[in-house]
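Residues per chain, in single letters:
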Amino acid sequence: MNDQEKDKLPLLLGVIGDPIIHSKSPAMHEAAMKACGLAGSYLPFHVKSERLEEALQGIGALGFRGINVTVPHKLEVMKYLDRIDEGARYIGAVNTVVNDGGTLTGYNTDGIGYIRSLKEEAVPDLTGKTVVVLGAGGAARGIIYALLLERPAHVIVANRSADKANELAAEWADLGRLSGCGMGEAAEYLQAADIVINTTSVGMYPHVQDTPIDPDLLPEGIVVSDLIYNPLKTELLRRAELKGCTIHSGLGMFIYQGAYAFERWTGLPAPVGAMRAAVMASMG
Ligand code: ATR
């Protein structure tokens, strides 16, 4: 395709996952395109694992500019890409694919999206902070990687299975001061924490009364953040607020991971306000 033809075609974007029906990405990115005056579409695609390779071939063949990749394909998709960005390689997961003339490159915008929302909405400067991260799964990896780039004083990852937390701390020892521990041992670190981030699914709808740690252990007046955005205010955040903590919900992470993806696809600054409004509207 020559450049003239490329410029005249609508921008094709989408998201692949299984399930996909509840994704708010189409509404968010369609609003972003509209706000930027771009002609195009962002569509949800229900792709089963056994057809993932074909789906990726389709992206290249049909001239999609890019896609988002969601559960359960974030790891598997890496096999079918031509290039993987350094951050995504460290994290071991891709949520954004960019198609440059048939060359597919994978990025991870989840962690950097989360950190951007944390900085914009709660803690402008993370340098020198002590941060306790609850959970050591895929979401935690993205966040911890992006967090360590901000030069915090100390990051402690606390997980139900202590081994997984200790393994992550050992794997990334060269990226910053990172320690691992079991969830039960988090209490001793919490006293020194400036920020606590829940990356586990504990407290997500419909189990809205659950908390990943005893909220009484939270020091007063710190920042408490939860990746969950259904409900917008988890029980952990509700209890933290009662202790005078600044609370931060996971909705910003969703919006800013989308903002970074949009910027990679279009080269334009993401219209974050329009994206947020569209997500809020789709949540009813
Ligand atoms: P994600 O990509 O959302 O992080 P994941 O990679 O499956 O999903 O990781 C889930 C994380 O939530 C893990 O840290 C998991 O702890 P384990 O490694 O011990 O399984 C944590 N988690 C899930 N359910 C939990 C629960 N009921 N209590 C405590 N931690 C839980």
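Conventions we followed
Every chain begins its residue count from 1, and numbering advances along the sequence as written. For this predicted model, a pLDDT threshold of at least 70 governs which residues receive local features, and a threshold of 80 or more governs which side-chain atom pairs are given and counted, while totals over whole chains, interfaces and linings are taken from all residues. Secondary structure follows DSSP: runs of H or I at least 4 residues long count as helices, runs of E at least 2 residues long count as strands, and numbering of each begins at the N terminus. Field definition: a residue is buried when 20 or more other C-beta atoms are found within 10 Å of its C-beta, exposed when 12 or fewer are, and partly exposed for counts in between, with C-beta atoms placed from the backbone. The contact criterion used is a C-beta to C-beta distance within 7 Å, with each C-beta placed from the backbone. Domain borders in the structure are assigned automatically or taken from a domain database. UniProt positions are given in the numbering used here, feature names are shortened, and annotations may be inferred rather than shown by experiment. What counts as an axis is a line fitted to C-alpha atoms, over the stretch in contact for a helix, and the angles between N-to-C directions run from 0 to 180 degrees. Oblique is the label for every angle not falling under 35 degrees (roughly parallel), over 145 degrees (roughly antiparallel), or within 65 to 115 degrees (roughly perpendicular). Handedness of a crossing is defined here by the sense of rotation of the near helix relative to the far one, left-handed for an anticlockwise turn of less than a right angle and right-handed for a clockwise turn. The residue classification treats Ala, Val, Leu, Ile, Met, Phe, Trp, Tyr, Cys and Pro as nonpolar and Asp, Glu, Lys and Arg as charged. All others, Gly included, are polar.

Let's talk about the overall build of the protein chain
Regarding its fold elements, the protein chain presents eleven helices and twelve strands. Across its three principal axes, the protein chain shows a C-alpha extent of roughly 60 × 40 × 35 Å. Taking all 284 residues of the protein chain together, 43% fall into the buried category. Residue pairs at least 24 apart in sequence account for 63% of intrachain contacts in the protein chain once pairs closer than 6 positions are excluded.

Some details on the domain arrangement of the protein chain
As assigned here, the protein chain comprises domain 1 (3-108 + 253-282) and domain 2 (111-249). The distance between the C-alpha centroids of domain 1 and domain 2 comes to 27 Å. Every contact between the two is made by 14 residues of domain 1 and, on the other side, twelve residues of domain 2. Tallying contributions element by element places helix α10 (residues 251-266) first for the side of domain 1 that touches domain 2, with seven residues.

Examining the UniProt feature "domain: SDH C-terminal" (unreviewed entry) in the protein chain
Here the UniProt feature "domain: SDH C-terminal" (unreviewed entry) sits at residues 250-280. From the first C-alpha to the last, residues 250-280 spans 13 Å; its make-up is 81% helix and 0% strand.

A look at the UniProt feature "active site" (unreviewed entry) in the protein chain
UniProt feature "active site" (unreviewed entry): in the numbering of this structure it lies at Lys74. As for its position among the elements, Lys74 is in the loop between β3 (66-69) and β4 (83-84).

Some points on the packing of α10 against helix α11 (residues 272-282)
The geometry of α10 relative to α11 is characterised by a closest axis approach of 10 Å and an angle of 130° between their N-to-C directions. Our classification of the angle between α10 and α11 gives oblique. Considering only the axes of α10 and α11, their crossing is right-handed. Residues Leu251, Phe254, Ile255, Gly258 and Ala259 of α10 pack against Val272, Met275, Arg276 and Val279 of α11. Taken together, the residues of the contact of α10 with α11 break down into seven nonpolar, one polar and one charged.

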